[in-house]
Amino acid sequence: MSELQKIDCHTHIVNREIYSQYCRSSGCGDYALVMEFLPHMAKENMPDKSWSLCDGSERLFLCPSVDIHGDIPKQLKEIEKKMLAHPGSRVVGLKIFLTYQAGRADDERMSPIYDFAEKHGFSVTFHTGLPSLHLPNDYDMDGSNARYVKNVALKYPAVNFIVAHMDDPRYDACLQLMHDVPNMFTDFSGAFEPGTKVAEDEEGTIAEFSHAIHQFPDSYKQIIYGTDFCPPILLSEIEKYDDTIKKIFEEKQFRDIYWHTPLRAYPKVAEYLKKKG
Ligand SMILES: [Zn+2]
């Protein structure tokens, strides 16, 4: 396994301390995507310095967050300004905190986000399903349902949409919705959060993931590797994701999950890596 290159598509390595912890746990991995938090999610032990941390990093890519309750067009302009101010921070997508923020992916007021993503070649990652036990949230479980993501995925075929956390716990329905929608992807990042039902019954949960993913023979092509690494909110597992992947997928599929599918899901990552040679 160690020879496999990996792109961890979902982390919250939002400051240097968390990055050091990540390196200690995983030998820095190969590449990781940083999902910026919303300003009100920052904690004293979790300042969000994503932009400066990613600026110039060889291994990190950035997905800035958008506050869907705020002025969306204004924030998108802000992101463009920050991209100029931090030319070395490789922005590859946007992060939307559904569930935490009440709202649906297919709400008309979200469309500037998708137009912006299309213009820049960015992918859009949604938090879906159950939220972290350690962040403030609106608990809008219906709003984050993957079926609304599917509506926008069909409307914006040139943009890739990532349903993070497989719409926890609506796993079967999530994979059914995604079937034959090639610009939708999912992961099971954040699954092993202490205190959750999932973490209490790891084997049962892995069996549920496996059931959902094996409903269709080609679903594995829409699954990407992600860990949700963020020790300040008790997400620090890395090896468990490798073990889970070993349990769910055939060995010949590992490279897809860790590498090829992430590159398809985030074409900007592929573009940056190609440039690097
Ligand atoms: Zn996350």
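This text goes with the structure placed above it.
Residues numbered from 1 in each chain as written. Predicted model: local features only at pLDDT ≥ 70, side-chain atom pairs only at ≥ 80, totals over all residues. Heavy atoms only, no water.

Asks: Is there a simple way to explain the overall build of the protein chain in this structure?
Replies: Of regular secondary structure, the protein chain possesses 11 helices and 8 strands. Compactness check: the protein chain gives a C-alpha radius of gyration of 17 Å against a globular reference of 19 Å for 277 residues, within 12% of the reference. If one aligns the C-alpha atoms of the protein chain with their principal axes, the spans along those axes are about 45 × 40 × 40 Å. In the protein chain, buried positions account for 56% of the 277 residues. Taking contacts inside the protein chain between residues at least 6 apart in sequence as the whole, the part at least 24 apart equals 77%. Taken as a whole, the protein chain presents about 11,700 Å² of accessible surface, with 51% of it coming from carbon and sulfur. (Helix = DSSP H or I, 4+ residues; strand = E, 2+ residues; numbered from the N terminus. Rg over C-alpha atoms; globule rule 2.2 N^0.38 Å. Buried < 20%, exposed > 50% of the residue type's maximum accessible area, 1.4 Å probe, protein only. Contact = heavy atoms within 4.5 Å. Areas by Shrake-Rupley, 256 points an atom, 1.4 Å probe, with all protein chains shown as cover.)

Asks: I would appreciate a short explanation of helix 4 (residues 111-120) in the present structure.
Replies: The α-helix winds at 3.6 residues per turn, so residues separated by three or four positions along the chain end up facing the same way. The set of residues buried in helix 4 consists of Ser111, Ile113, Tyr114, Phe116, Ala117 and His120. Positive phi appears at glycine 121, one or two residues downstream of helix 4, with a value of about 75 degrees.

Asks: Even after reading the chapter, I still don't get the environment of methionine 141, so can you show me in this structure?
Replies: By the element assignment, methionine 141 lies in the loop between strand 6 (123-127) and helix 5 (146-155). Taking relative accessible area as the criterion, methionine 141 reaches 16% and is therefore assigned buried. In this structure the C-alpha to C-alpha distance between methionine 141 and threonine 205, which are 64 residues apart in sequence, comes to 19 Å. Every residue in contact with methionine 141, bar those within four places of it in the chain, is listed here: Thr99, Gly129, Leu130, Asp168, Pro169 and Arg170.

Asks: I'm lost on the sheet that holds strand 7 (residues 161-164) in this one. Help?
Replies: As a general point, the strands of a sheet are linked pairwise by backbone hydrogen bonds and lie either parallel or antiparallel. The parallel open sheet is built from 5 strands, whose spatial order is 4-5-6-7-8. Whereas interior strands pair on both sides, the edge strands pair on one side only; in this sheet they are strand 4 (65-66) and strand 8 (184-186). Note that strand 5 (residues 93-96) and strand 6 share 4 bridges and pair parallel. By the bridge assignment for strand 6, lysine 95 is matched with threonine 125. (Pairing = 2+ DSSP bridges.)

Asks: Would you mind showing me how to read unusual backbone geometry here?
Replies: One can expect most non-glycine residues to show negative phi and most peptide bonds to be in trans. Here aspartate 168 and proline 169 are connected by a cis peptide whose omega angle stands at 0 degrees. Counting through the fold element by element, proline 169 comes out in the loop between strand 7 and helix 6 (171-178). Located in the positive-phi region is methionine 166, a residue other than glycine, with phi close to 55 degrees. The topology assignment puts methionine 166 in the loop between strand 7 and helix 6. When its relative accessible area of 0% is taken as the criterion, methionine 166 is described as buried. Of note in the backbone geometry, aspartate 228 takes a positive phi value of approximately 65 degrees without being a glycine. Here aspartate 228 is to be found in the loop between helix 8 (202-213) and helix 9 (239-248). With a relative accessible area of 7%, aspartate 228 lands in the buried category.

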